[in-house]
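# Inside the fold
Spelled out from the first residue to the last, the chains are:
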Amino acid sequence: TDLRTQYNEAQTKANNLADLKLELKQINELLKTLVTRLPNKNEIPELVVDVSQAALANGLQVDLFEPQEESKKEFYAEKQINVKLKGAYNQLGAFFSEVAKQPRLVSVVIDDMRVDVAPQDTPPPPSSTTAPNASTELVEKGSTPLVFAGTVRTYRYLSDEEEEEMAQARAEAEAAQKKKESKKAPPKKDEPK
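Residues numbered from 1 in each chain as written. Predicted model: local features only at pLDDT ≥ 70, side-chain atom pairs only at ≥ 80, totals over all residues. Heavy atoms only, no water.

### Brief notes about the confidence of the model for the protein
The predicted model of the protein averages 80 in pLDDT, with 82% of residues at 70 or higher. The secondary-structure element of the protein with the lowest mean pLDDT is helix H5 (residues 134-140), recorded at 43, while helix H1 (residues 2-15) shows the highest, at 92. The low-confidence segment residues 127-140 (pLDDT under 50) makes 21 contacts with residues lying over four places distant or belonging to another chain. (pLDDT = per-residue confidence, 0-100. Helix = DSSP H or I, 4+ residues; strand = E, 2+ residues; numbered from the N terminus. Contact = heavy atoms within 4.5 Å.)

### Focus on the packing of aromatic side chains
A full pass over the atoms with the stated rule returns three aromatic pairs. On the numbers, 5.1 Å between centres and 80 degrees between planes, the contact of phenylalanine 96 with phenylalanine 148 is edge-to-face. You can see phenylalanine 96 sitting in helix H4 (residues 89-100) and its partner phenylalanine 148 sitting in strand S5 (residues 146-157), a full 52 residues away along the chain. Assessed through its relative accessible area of 27%, phenylalanine 96 is described here as partly exposed. Here a set of aromatic residues connected by ring pairs shows up, and it is made of Phe95, Phe96 and Phe148. (Phe/Tyr/Trp six-rings, centres within 6.5 Å; stacked < 30°, edge-to-face > 60°. Buried < 20%, exposed > 50% of the residue type's maximum accessible area, 1.4 Å probe, protein only.)

### A closer look at the pattern of salt bridges
With the rule as written, the count across this model stands at six salt bridges. Close ionic contact of glutamate 162 with lysine 72 constitutes a salt bridge, the shortest N to O distance being 3.4 Å. Taken as a pair, glutamate 162 in helix H6 (residues 160-184) and lysine 72 in strand S2 (residues 71-72) lie far apart in primary sequence, 90 residues in all. Overall, glutamate 162 belongs to the buried group, its relative accessible area being 8%. The salt bridge involving glutamate 78 is made with arginine 153; its shortest N-O contact spans 3.6 Å. Placement of glutamate 78 in strand S3 (residues 76-87) and of arginine 153 in strand S5 is noted, with a sequence separation of 75 residues between them. For the residue pair glutamate 78 and arginine 153, the accessibility class agrees, reading buried in each case. In this structure, a network of salt bridges that share partners links the residues Lys41, Glu70, Lys72, Arg156 and Glu162. (Salt bridge = Lys/Arg side-chain N within 4 Å of Asp/Glu carboxyl O.)

### Structural notes on a negative patch on the surface
A cluster of like negative charges, contributed by Asp160, Glu161, Glu164 and Glu165, occupies part of the molecular surface. Exposure remark for glutamate 161: the relative accessible area of 52% places this residue in the exposed category. (Patch = residues over 30% accessible without salt bridge, like charges linked within 9 Å, V, L, I, M, F, W, Y side chains within 5 Å. Areas by Shrake-Rupley, 256 points an atom, 1.4 Å probe, with all protein chains shown as cover. Lys, Arg positive; Asp, Glu negative; His and termini not counted. Charge placed at Lys NZ, Arg CZ, Asp CG, Glu CD.)

### Concerning the pairing of S5
Taken across its twelve residues, S5 has nine buried, putting it largely inside the fold. Of the pairings in the sheet, the one linking S3 to S5 comprises twelve bridges and is antiparallel in character. In the sheet register, lysine 79 faces S5, and the bridge partner there is threonine 154. (Pairing = 2+ DSSP bridges.)

### A look at the nonpolar core
Grouped together as the largest cluster of nonpolar side chains are 17 residues, with contacts concentrated most on Leu60, Val83, Leu85, Leu92, Phe95 and Val152. At six residues, the largest contribution of residues to this core is made by helix H3 (residues 44-57). Not counting residues within four places of it along the chain, the set of residues in contact with leucine 92 comprises Leu60, Leu85, Gly87, Leu146 and Phe148. (Core = buried A, V, L, I, M, F, W, Y, C linked by side-chain atoms within 4.5 Å.)

Here it is, written out as structure tokens:
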């Protein structure tokens, strides 16, 4: 019965092999398409500048714009930018819209995001540093300014060399951990004869 069960499972997998190969091909094509949307290592600085310019172009007061170090994951790298912006609701909406239109993949992280009403003593963003537009005029006419604090992230696919370096570093870390654990292990006692 065990052999019959194993045979039936193998037969089911064999019957679905053509469908699974087609699905794998589609997934690989989708992955290639998505990878082209990610910025490469040379485009990251330009992307950071584009996000900053989007905030200024929409008349937002930039209180914090702090790019973080890139953190490498298994097959991609993540670049975070901590931001704190002040402006009218329409200005923030225009900023988010412009960030969403970036040709490269950029996201505004929801779990770190916070929008509050700015304190009354906070002056509106100066219009001299930005181009006058309808949303700037709304703040100047007394609309309530908001404060947005959050994280903007972008991702990039690691090059083959970077992936090899990461794999080598992981292997070295695992070897060091095993060596450390073997030193901590208590010595084996001689068994009685």
